[in-house]
Amino acid sequence: MRKRKKSSDKADIAYLSRFMGAISPDQSRLNEIQAVYDNLTLLGQLLGAGTDITSMRQDFQELAAVLLEQLAKEHYKKATLNLGSCARVAIDILTRNLYERTADIGFLATDIEVCEFAEAVESNPEIKSDPDWLVRLSNHFSEYVAKYSVYHNIILLAPDGEILVQLDPKNPVTKSTDTLIDEALTTNCGFVEVFRQSDLLPQESSPLIYAYRVMSKDGSHPVGVLCLCFRFEDECKLIFDSLLSQDDWLVITLLDNTGKIIATSDVYQFPIGAYLEPVENNQCSIRRFNGREYLTTTHQATSYQGYSGPGWVGHAMAPLNHAFEMAEALELRDVPEDFLAGVLNVATLFSDTLRGIPISASSIQQELNRAVWNGNIWLAREHNSHNSAFAKVLLREIGRTGVRTRNVFSESTTNLYKTVVSSVLFDCSAQASLAIDIMDRNLYERANDCRWWALTRFFREELEPGNASINTAKLTEVLRYINGLYTVYTNLILFDTSGKVIAVSNPAYNDLLSQIISEPWVRPTLALSNPQRYCVSDFAKTNLYINQPTYIYTSAIRSINSAEPVGGIAIVFDSTQQLKAMLNDALPRDENGRLVNGAFAVFVETDGKIISTTCEDLTNGQKLDVNSGFLSLQRGDSVSGIIAYNEIYYAVGSCKSNGYREYKSYGDSYQNEVVALVFTPLSQSVVEDGFYERYNTPAENYALRKPRTTETCDVATFYIGNSLYGLFPGSVIAAIDTDRLTHMPGSSEWVAGCLMYEDEALSVVDISSLLAVNLVEGERRKVRAENGVKKQVLLLRSEEKDISFGVLIDNLGEISEIETNRFEAVPFTINSNSIIHSLVKPENMESARRMLVILSIEKMLERFNLQP
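Predicted model, so just to flag it, every value in this text is computed and none were measured.

Topic: the pairing of strand β24 (residues 723-727)
Inference 1: Among the five residues in β24, four count as buried, and that is most of the element.
Inference 2: By the bridge criterion, five bridges tie strand β23 (residues 712-720) to β24 in an arrangement that is antiparallel. Residue pairing across strands places Thr717 opposite Gly726, the latter belonging to β24.
Inference 3: Joining the antiparallel neighbours β23 and β24 is a turn of two residues, in which Gly721 adopts a positive phi near 65°.
Inference 4: As judged from the two bridges shared by β24 and strand β33 (residues 852-855), these two strands associate in the parallel manner. Its bridge partner lying in β33, Tyr725 is registered against Val853.

Quick word on the packing of helix α4 (residues 112-123) against helix α5 (residues 131-147)
Inference 1: Here α4 crosses α5 at 150°, and the two axes come no closer than 11 Å. As far as their axial angle goes, α5 and α4 are roughly antiparallel. The two elements α4 and α5 cross, and the hand of that crossing is left-handed. Residues Glu113, Val114, Glu116, Phe117 and Ala120 of α4 lie in contact with α5, whose contacting residues are Trp133, Leu134, Arg136, Leu137, His140 and Phe141.
Inference 2: Of the residues in the contact of α4 with α5, the class split is seven nonpolar, one polar and three charged.

A look at the packing of aromatic side chains
For any pair of aromatic rings, the description rests on two quantities: the centre-to-centre distance and the angle between the ring planes.
Inference 1: This structure, assessed with the given rule, holds 27 aromatic pairs.
Inference 2: On the numbers, 6.4 Å between centres and 40° between planes, the contact of Phe600 with Tyr645 is tilted. One end of the pair, Phe600, is in strand β18 (residues 600-605); the other, Tyr645, is in strand β20 (residues 638-645), and 45 residues separate them in sequence. The two residues Phe600 and Tyr645 agree in class, both being buried.
Inference 3: Sitting over the ring of Trp133, Arg136 keeps its end group 4.5 Å from the ring centre.

A look at unusual backbone geometry
Inference 1: Despite not being glycine, Gln305 shows a phi value in the positive range, around 55°.
Inference 2: Turning to its location among the elements, Gln305 is positioned in the loop between β9 (292-300) and β10 (313-319).
Inference 3: The class for Gln305 is partly exposed, based on a relative accessible area of 39%.
Inference 4: Phi angles above zero are rare outside glycine, and Asn646 is one such case at about 55°.
Inference 5: As for its position among the elements, Asn646 is in the loop between β20 and β21 (648-656).
Inference 6: Owing to a relative accessible area of 56%, Asn646 belongs among the exposed residues under this scheme.

Thresholds, definitions, all that
- Residues numbered from 1 in each chain as written.
- Predicted model: local features only at pLDDT ≥ 70, side-chain atom pairs only at ≥ 80, totals over all residues.
- Heavy atoms only, no water.
- Buried < 20%, exposed > 50% of the residue type's maximum accessible area, 1.4 Å probe, protein only.
- Helix = DSSP H or I, 4+ residues; strand = E, 2+ residues; numbered from the N terminus.
- Pairing = 2+ DSSP bridges.
- Axes fitted to C-alpha atoms, helices over the stretch in contact; angles between N-to-C directions.
- Parallel < 35°, antiparallel > 145°, perpendicular 65-115°, else oblique.
- Left-handed = near helix turned anticlockwise from the far one by under 90°.
- Contact = heavy atoms within 4.5 Å.
- Nonpolar A, V, L, I, M, F, W, Y, C, P; charged D, E, K, R; others polar.
- Phe/Tyr/Trp six-rings, centres within 6.5 Å; stacked < 30°, edge-to-face > 60°.
- Lys NZ or Arg CZ within 6 Å of the ring centre and 35° of its normal.

Structure follows, in structure tokens:
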């Protein structure tokens, strides 16, 4: 029996493009034109007369394939960017959160209330039933969870596993045999972290618990084990909800090191406990699950402060039939078309392949135009041919197809460019949201820390009024111990009710001791009504932080015997390092995980004043010069757009703070509004006051063929520079490209080179200098390169002198039928060396852009002394 092959790990673009609805219109238009090419190629081969477009058909087919492939790749890139961002943010946000928990357990395990109770029970087991002790410690735990709401239970155990006290009265467990107890008692690490079944919490399938030993007062032996029970499901839901909308098809999961789902944003599609196969880090692949195919990516956790997490990964998936819906360029809806056109014109995001598509399309159009032009030359020479009517129709359709080819490629390429730019806008917006979320979550911990540390009994006892011998050395020791666990602070300061500094954790600030703090937050701190309240300084320069701006979080220290403040604690946040680190973690990265060159991020207040930035050209306190629309947002809202900043176009995403849990929520008295902005460069310059002049071939009124009542003659027109010239078709052999042109060293300056045509070597002359063309050669090259236009050669023949030669031109015009009465002789002011035969008056003198100049092949031969 033959087994079916396993689906490839790699995501196949050809297969994925079937699910990209946004590229279907482009595919349909290209298929329609391909069918036209097929028909015209067959008809052209039947007619002859230079109308065989087989090579152009092949060029179109190849270019269409390239375009569709690039469209699919960019849609894939944007979709995977979204997937990767969700997977990475989910695991990194959780890792940052869990890092804080590792510090919490280390500090709370040394809490005086906890240590004294555990040691008292060791000495007198009856104390574990003392209601006064139990109520006091339960209230103590309640105070802690009121501030650190990420925990749902705190359990204190004796070394033998007996539960001495716990916060949750509904938990029926009284004794545990979990191995984490022995681990906590013996570990050399600062914490024990377990995520599995535990008899400590039998109602949870896999609780996340942080544990550590509680030591005796003299530090000689452990007297208990403290466990902090984390709200894992609740926290994961908050993370998932912040990343996904209600109608989002994307699913985010967290996997353990075996691939088992431990958290999911959709339990119905991906239930807890199911196993998934992770994808190689930062890569994307197709995975099947429950009979459905998903586009999938996996991201490992980024280490934070040396903590890498429990070994979990973020894993994001989207059903293939919905994976590319967000890949459409919706982020550009509010960008004005003219402004966007300028951005696309100079953007540096596009690969050479993308840039080459419109140029190749122009080249195809040029070849088609040449085929039409040569066909019309044939018709002009063979005007009595029995195939002339059919040929005219065919040539007209070929010409229309050329124009349509360029238009379709131009429109599709513009859509492709928009997809690329919209991907950058989406990424900027997502990264700005990440930056502000990291900040809110981080500062939530700071608000908790100051309030909890203010409840430290030793601080309260030492600052009691009437205490004549404050133990400054011990206070300093405790502060340094705390600061060692919580390294995001540069200093912890204790002060009394007069604002006098009692102790500091950082010896570099010992000069503050016994000094009165004159900061504006001192009085409000001492007036706080209850232990849940806290104060935060403005983001301003302070001598408590080497005269740099920062946030200082404070809370009142209250009397042991009453609720009256006896002093306060101020914790100085290391804003320079920490805020910049948050922004660095939110900087955009490319598909290979490298930082995007030139990108930067900024935290600002709503008036634009910079709090922190990764850009060396900006400084804290400076006003950021951006549109007010990026700053005047509602809580939690985000916006993206394109701006010209410092002579460069940038994609900008901004997001306003929404708080985290109870921090800066609507019930919190502290409502500091901060906006995160992420900038990604789109160009190296902005467009000039007008785009470079686009080379074109406007439809002059000379080319209009309509019934004539007077005698007419045909004129083959062409362009040199922006000027229009003509020759009588009888002297024109054909127009060809310059691929076969060979430069001839040592030849005259007007000789462009030599080429072989039908086994004959022909000289090619450049007559632009004789015609005083108003566009210098450098500008001509630029215009042609931007439009995919290459120079061409007109092959001419003088039957009178039996000689053929070529003339270098910039572009072809039309084969125009012109009344003979519109021809004017050359004015007498033109010298005898001129190669001009005559001039043609426009039919409508008011609307004419230029006069048609008819050149003389005989005068050219004479002027350049060309001989047979």
